[in-house]
Structures are given as structure tokens and as C-alpha cells.
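Okay, here's what each chain looks like letter by letter:
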Amino acid sequence: MSTVLPAPAVKPVPRAPQTPLRRVASDFLENPVAVFGLGLLLLVIAAAIFAPLISPQNPYDLAQLDVMDSKLPPGSKAPTGGTFWLGTDDQGRDMLSAIFYGLRISLMVGAASTVLALVIGLTMGLTAAYFGGRIETLIMRVVDIQLSFPAILIALILIAVLGQGTGKVITALVTIQWAYYARTVRSAAMVEKRKEYMEAARCLALSPARIVFRHLLPNCLPPMIVVATVQVAAAIALEATLSFLGLGLPITEPSLGLLIANGYQYLLSGKYWISFFPGVALLVTIVSINLVADQLRDVLNPRLQR
Amino acid sequence: MLVYVIRRSMQSVVVLFAMSLLVFIGVYAIGNPIDILINPQADQIDRERAIAALGLDKPLWEQYAVFLKGALTGNLGKSFVHATPALGLILERMPATMELAIAAMVIAVALGIPLGLWAGLKPNGIAGRSIMAGSILGFSLPTFWVGLMLIMVFSVMLGWLPSNGRGPTTMLLGIIPVSFLSWDGLSHLIMPAVNLALFKLALLIRLTRAGTRESLMQDYVKFARAKGLTNGRVIGVHVLRNILIPIVTVIGLEFGSVIAFAIVTESVFAWPGMGKLLIDSINLLDRPVIVSYLLVIVALFIVINLAVDVLYSALDPRVRLSEAKG
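Quick caveat: nothing in here was measured; it's all calculated off a predicted structure. (Residues numbered from 1 in each chain as written. Chains lettered and ligands numbered in written order. Predicted model: local features only at pLDDT ≥ 70, side-chain atom pairs only at ≥ 80, totals over all residues.)

What follows concerns the overall build of chain B. Helices and strands together make up the secondary structure of chain B, namely 12 helices and two strands. Walking chain B from its N terminus toward its C terminus, one meets helices and strands in the order α-α-α-α-α-α-α-β-β-α-α-α-α-α. In chain B, which comprises 326 residues, the proportion classed as buried is 37%. Within chain B, contacts between residues separated by at least 24 positions form 69% of all contacts whose residues are at least 6 apart in sequence. (Helix = DSSP H or I, 4+ residues; strand = E, 2+ residues; numbered from the N terminus. Buried ≥ 20, exposed ≤ 12 C-beta atoms within 10 Å, placed from the backbone. Contact = placed C-beta atoms within 7 Å.)

Next comes the structure, spelled out in C-alpha cells:
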């Protein structure tokens, strides 16, 4: 999120030279809802990064757990003196701590798969746009076919084929997502390709790699940033869904989806908090990312530029 | 037109064939179903008999050849677990999934189009803004968690609706078992259908709103107003008709994704449909059922996509199918 450095509120001062980054930052900050979303997102990320420091207990250190504390409602007093603000699960684990650690895993899986998919999608999309011909037909045909099936179905096929595990979930997420990036970057590159600076670069007899990565790529980035933001949220939601179905991350990597699945069986006996609070954390994460993405879409859209 | 339909159908067959090969090889590599399906206490002779009965001793290509020959005659192999034809198992559960998907789609359309129209006509009003905020929430809420929360509120806290299963079914037209004809069955259907509808509802609201705002600025709307038509007629006939074209397409395309997403809803509400069968089969490594499910759903998708393409050209004469890349 380096694009949203806090910029001084520059009101249209008589055309001072403004870097694109500054323009984007100041446009972004105009919308209070988006700023709220960004703040929320930063809080979530901070909670995930500093989970070991801010958690009341280490939820996966068995020495700190006591079965006597299991399934306590939110606000119960812990025997060690603290308070279980969000209650405990069936093993006496503090839910608040479990959520912080779960956020870590969920965000990490989401971010890792997005970065990998972005790299693959960019390369494929740019290759298709720059070289055209057979390569383009082949790549875009695969993209078309893949995008005509819902993500959840492709994910399930891949999990059924690959088996379970963290690496395999990430593989499945990457396989689903690269197609979105490839399609987006290709359409952006098709427009950029016809511009004069590209012609100039070709006249200088630069190598194709240099033209693609130094000249074409930076000009195709704005729409990619928007798609990537939306896709992080989608990846996190999909991972949670897979984990809930018991086909995602292993028990040793308790993401938010697994925490929710774990609480499912206690829901019917009225012990709502084991499923409810991890779900709220998941929801806050996804909503804040979507709010940021919504505003980025407006800010980075050249047609809406003032 | 005819040429287009034929060419698309040929293409679909190729996709179906490629998918069957990919899925078959992939699923074969998961693990050894022998270890899971045959009693570990069984002696060597029993094991070998079971392996031969399931056809697991043959080489991979031969298993695929048998499978392909069977597939062309509608026989997709026997379930390892249920020992009945896999295709039969899936078709048996298809009505439950279809009922759920159609109910969800009806809810999404019945609420989504009016709400989207309202939000599009009054984008700055309180109602319009709340509808849009609600639709962002609809996009962001993970389906399975909403399902859990529905169960928590309406089954556990209020005790109004049953939390799982399908309830009693009645035969529709004497052949299709459905739930919605009896009150008990309907009460089982409400929550899963609403749960499945939410995402599509949000999508339809946004789509209708965008379409409405766009067509309100068009000349034909200005002209209709200048002619002195009532507001209701301008919106009901002129605006609605034009925004309906993209909406019909999306409804068609999304129907497939509703069937796919039913996997999640069915698991939450223990709805006895195809999706739940798939999840159970993945957990038990019941290969023939997984492969058959995937082939059935891929075939379903191909038919839906084809139907939508053809329908689209019928609705909007501006679309020329022969020009579409095919």
C-alpha cells in the first residue's frame, strides 16, 4: 500500500508540479469512507503482524491452555487473572488470540497467492498482447475457458486433484487468479501498444524484454492495482471457504476459516462465539479491502480524472 | 446462426473431452483408494478380489479407456463407497440442487431488480445509498458464514426454521421430488435459498442500478418524457426493457455459478444435493463420483453458456453472432 502515503491536502494550487503518486494519494483521501476502510485495513494488518506481541496468550502453546477453561462465554475471567474478552473454544483457547493468529495465516495465504498470480498473470497477459498471433490465441483461449467456470468449482477440482495442504491451496488460488490479471493487463496493453512512446522504443531497437518490462508494464499498472486489491479479498474469502469445507489448510495452520469450522458444531447448542467472532474478523478484513478497492477504482480511472 | 451453434457445440465436445482426461488423470493421482476402501484386516485373497472388482489393478490408460467407453453409453463407473452407478447417484441428487438454485435465483431476481431500479432512480436518496451499502456488504460477506449466522439466529435463538436437511418432499408431475409444495418442506428451503441468493442479489442490484442510470441519460428516455408519457410508463416500458438485455445474460450465466456455489450452502445446511455429495466424495476419495460430478457440471455449464449466447442474439439484434470470436 505504498501508493497511499499521507500527502498534504493540496487544494488545486496554481498547477504546481504534482507527481502521480501525490495526485492519487490526495484524491484517495477525499473520500472519508475509503479513508475509514484504509484505517481499518491497516489495523487488521498490524494485528496480524504483531499477533505474538498483542495476544493475551499464545493459543498454540499447549502449556498455556487449560481444558477447564473450555467454551467459556465472552467476558469470562481467566484463572490467571486476565479476561477472555471473546470467550474460549473447546480447548480453552482464548478466541481473541486465536483470531489474531488466524488473521496472520489468512492474510499470508491471500497475499502470497495474489503476488504469485500477479506475476504469472502479468507475464502471460503482456506476452499475449506484445507478441500477438498464435501465442495470444492460445493464452487468451485458456483464460476464456477458465473464467467461464466459477472460482469455487476450479478450486475444488484442483484440491481434489492435488490433495490438501497449504502449498496446494496457494497453488489452487494462483491457478484461479492469474486469468483475471492476464485478461486485464492484456486489454490495457493493447491500448498502450499503439501509442507513440512504444513506437519510439521499438525504433531504438530495444530488446523485447526491455520494451515490455520498462515501457509497457509501468503504463499498464493502474488497472492491475485495482484488480489485485479486489482479488486479495476474493482469495482470503475463498481460502476461508475451502478451509471451512475441510478441504483447505491443515489443522496445523488454523486460519479464520478453520476457526469458524471448528465452532460450527457448538453453534447449535448456543455457543455462538466460537464461530461468530472469527467470522466478524474475516468480514472486517474483506469489507475494508473492498472499500479501499472501490475508491482506488475511481481514483485510478483515467476517464474520471479531473 | 446455425453454423455458429454447430461450431460452438463441436468446441464444447472438445472441452468436455479434455476436461474428462484432465480430471481422470488428476483424480487418479490423489492416492491409493485401495487403502481406504478395503478393510485393512482383509486377507490377501479378499484384497485382490476387491481390487479386481473395482478395476484398480489395470493400468491407467486402460482404466480411462473403460471409463470413456462407459461415459459414451451413460455409464460413468460405480461408486466405490455406495456400490451403485455414480451417474445415478448424481442424477438422484440433482433435483435437490436444482430446486435450491432456482429458489435462490428467483429470490435474487424478485428483490434485486426492483431494489436496483430504485437505487438507480434515486441514487442520492437515503434509500438508494443504503441499498448500495447493503450490496457492498452482500459482496463481502462470505457465504458460509452468513449461513451459520442464519442458523444461529433463526434456528437456535428464535427457533423458527429448521437448521438442516430438506424436509418432506412431494412429487412434482409425478417424477421430480420437490420440497416447496409442503409448508414443512418450504420452511427447510427458505434459509438455504436466501443464503445462496445473497451474493447474486448484490450483483443484480449493482447491475440494474448501473443500467438504469445509464439509460436515464439516453435520448429515447428524454423523448418519451417529452411526449408526455407517465413516469411509470417511461420507466416500466422504456427503461426496464433496455436494461433487461444485459440482466438476462447475467442471470443465465450466473445460474451456473449458483449451482457451483450451492456446494458451500449445501454443506452448511446439510442439504442433500450434488454439492454435498461432491464434498463427501472428495473426503472419501470416491473417484467415480468426483469424476462424474465434474463431467455433469461441465456439461451443464457448456449447455448454459451456449443457451445464453443464443438467447442474447435473439434478444438484441445488434449482436451478430458470426462476428463473435468463436
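With that settled, consider the overall build of chain A. In terms of regular secondary structure, chain A is built from 11 helices and two strands. Of the regular secondary structure in chain A, the N- to C-terminal order runs α-α-α-β-β-α-α-α-α-α-α-α-α. Residues counted as buried form 45% of the 306 residues belonging to chain A.

Here we take up helix H4 (residues 95-131) of chain A. All names here are of chain A. Across its 37 residues, H4 extends 53 Å between first and last C-alpha, which sits within 8% of the 54 Å expected from 1.5 Å per residue. With 26 of its 37 residues buried, H4 lies for the most part within the structure. Phi for Gly 132, located one or two positions after H4, is positive at around 65 degrees. (Expected span 1.5 Å × (residues − 1).)

Next up on the list: the interface of chain A and chain B. Facing 31 residues of chain A, the contacting portion of chain B comprises 33 residues. Going through the elements one at a time, helix H6 (151-162), helix H9 (208-244), helix H10 (256-267) and helix H11 (273-300) of chain A are the ones with two or more residues in the side of chain A that touches chain B. Tallying contributions element by element places H11 of chain A first for the side of chain A that touches chain B, with seven residues. Looking at the side of chain A that touches chain B residue by residue, the classes come out as 23 nonpolar, eight polar and no charged. (Nonpolar A, V, L, I, M, F, W, Y, C, P; charged D, E, K, R; others polar.)

Non-glycine residue Ala 205 of chain A carries a positive phi angle of around 60 degrees. With respect to the helices and strands, the residue Ala 205 of chain A is situated in the loop between helix H8 (196-203) and H9. Here Ala 270 of chain B, not a glycine, exhibits a phi torsion of approximately 50 degrees, which is positive. Residue position: Ala 270 of chain B is located in the loop between helix H10 (231-269) and helix H11 (274-284). Ala 270 of chain B gets classed as partly exposed once you count the C-beta atoms within 10 Å, which come to 13.

Counting 162 residues, the largest nonpolar core has Ile 152, Ala 155, Leu 156 and Tyr 181 of chain A together with Ala 104 and Leu 294 of chain B as its most contacted members. Setting aside its immediate chain neighbours within four residues, Leu 294 of chain B contacts Ile 157 of chain A together with Met 19 and Val 23 of chain B. (Core = buried A, V, L, I, M, F, W, Y, C linked by C-beta atoms within 7 Å.)

What follows concerns the packing of helix H5 (residues 86-121) of chain B against helix H6 (residues 126-140) of chain B. Residue and element names in this part refer to chain B. In contact at an axis separation of 8 Å, H5 and H6 are set at 125 degrees when each is read in the N-to-C sense. When the axes of H5 and H6 are compared, the pair comes out oblique. By crossing handedness, the relation of H5 to H6 is classed as left-handed. For the pair H5 and H6, contact is made by Leu 115, Trp 118 and Ala 119 and by Ala 127, Gly 128, Ile 131 and Met 132, respectively. (Axes fitted to C-alpha atoms, helices over the stretch in contact; angles between N-to-C directions. Parallel < 35°, antiparallel > 145°, perpendicular 65-115°, else oblique. Left-handed = near helix turned anticlockwise from the far one by under 90°.)

Here we take up the environment of Tyr 60 of chain A. Among the secondary structure elements, Tyr 60 of chain A is positioned in the loop between helix H3 (51-54) and strand S1 (76-77). Along the backbone, Tyr 60 of chain A and Ser 187 of chain A are 127 residues apart, and their C-alpha atoms lie at a distance of 47 Å.

For the rest of this paragraph, the subject is the packing of helix H8 (residues 183-216) of chain B against H10 of chain B. All names here are of chain B. In contact at an axis separation of 9 Å, H8 and H10 are set at 160 degrees when each is read in the N-to-C sense. With respect to their mutual orientation, H8 and H10 come out roughly antiparallel. Between H8 and H10 the crossing geometry is right-handed. When H8 is examined against H10, the residues Met 191, Pro 192, Asn 195, Leu 196, Lys 200, Leu 203, Leu 207, Thr 208, Gly 211, Thr 212, Ser 215 and Leu 216 are found in contact with a partner set consisting of Val 239, Asn 242, Ile 243, Pro 246, Ile 247, Val 250, Glu 254, Val 258, Phe 261, Ala 262, Thr 265 and Phe 269.

Bringing the confidence of the model for chain B into the picture now. All names here are of chain B. Of the residues in chain B, 85% reach a pLDDT of 70 or more, and the chain-wide mean stands at 78. Looking over chain B, one finds the lowest element-wise mean pLDDT in helix H2 (residues 33-37), namely 60, and the highest in H5, namely 87. Throughout residues 321-326 the model reports pLDDT below 50, and contacts reaching past four residues in sequence, or to other chains, amount to eight contacts. Confidence metrics for the complex model read pTM 0.79 and ipTM 0.75. (pLDDT = per-residue confidence, 0-100.)

Another aspect to go through is H10 of chain B. Residue and element names in this part refer to chain B. Over its 39 residues, H10 extends only 44 Å from the first C-alpha to the last, a length that falls short of the 57 Å expected when each residue adds 1.5 Å. The largest bend in H10 comes to about 40 degrees, at Leu 240. Two residues or fewer past H10, Ala 270 is found with a positive phi of approximately 50 degrees. (Bend = angle between axes of the 7 residues up to and from the residue.)

Moving on: the environment of Met 105 of chain B. Residues and elements named next belong to chain B. By the secondary structure assignment, Met 105 is in helix H5. In sequence terms Met 105 and Leu 141 are 36 residues apart; their C-alpha atoms lie 18 Å from each other. When residues no more than four places from it in sequence are discounted, the contact partners of Met 105 are Lys 200, Ile 251, Phe 255 and Val 258.

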